[in-house]
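# Results of the structural survey
As a plain string of letters, each chain reads:
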Amino acid sequence: LDRQSRITTAEIDAAGYTNWSLLKTIRTHIAAGEATAVSQDGVTLFVVGHYPDPLRSRNRIMWFIATEQWFDLGARSVLYGRRFMRDLRKQHPGKTFTCISWSKHPELARWFAFQGFALEERAGQASVFKNVG
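Quick summary incoming for the structure in this document. Note that the structure is a prediction, hence the values are computed from the model and not measured. (Residues numbered from 1 in each chain as written. Predicted model: local features only at pLDDT ≥ 70, side-chain atom pairs only at ≥ 80, totals over all residues. Heavy atoms only, no water.)

Before going further, it helps to examine the nonpolar core. Formed by 18 residues in total, the largest nonpolar core has its most connected members in F46, M62, W70, Y80, F84, M85 and F117. Looking at this core, the elements that each hand over two or more residues are β2 (43–52), β3 (59–66), α4 (76–91), β4 (96–101) and α5 (108–114). Among residues more than four places away in sequence, those in contact with F46 are T36, A37, V38, F64, I65, A66, W70 and Y80. Counting seven residues, the second largest nonpolar core, distinct from the first, contains I12, L22, I26 and A35. (Core = buried A, V, L, I, M, F, W, Y, C linked by side-chain atoms within 4.5 Å. Buried < 20%, exposed > 50% of the residue type's maximum accessible area, 1.4 Å probe, protein only. Helix = DSSP H or I, 4+ residues; strand = E, 2+ residues; numbered from the N terminus. Contact = heavy atoms within 4.5 Å.)

Structure, rendered in structure tokens:
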């Protein structure tokens, strides 16, 4: 969290977290095996969490915290995201994935589309994306 991106910082605020409450949540998810840190050359690029959807048994909810280094990768960041999603789908066959974002970045939907997600709905300040495989 000490190297989070400007975009991530804005999302954390919009979601109603403080850095401390978010850190506690992330540690809980990592300890439960429901979050993964992805690194390059020993530098963490992002942490992504995924857990069972309490309302839909065949769906998993996702969240994403990124560093500036992640966004600095530009188009290469898409390759990391696609690889991660491919592996996650193998681990959870037959499951769909929904990701909620509080980002107001103008390229948000485009970035999610590159990762294999489509905008499902906007709910208040959040955008909900569904993995379309």
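There's plenty left to go through after this.
With that settled, the discussion passes to the pairing of β2. Both strand β1 (residues 35–40) and β2 contribute to a ladder of six bridges, which runs antiparallel. Bridging across to β2, A35 finds its partner in G49. Hairpin connection between β1 and β2: a loop of two residues separates the two successive antiparallel strands, and D41 in this loop has a positive phi of roughly 55°. Pairing analysis gives seven bridges linking β2 to β3, with the strands arranged antiparallel. (Pairing = 2+ DSSP bridges.)

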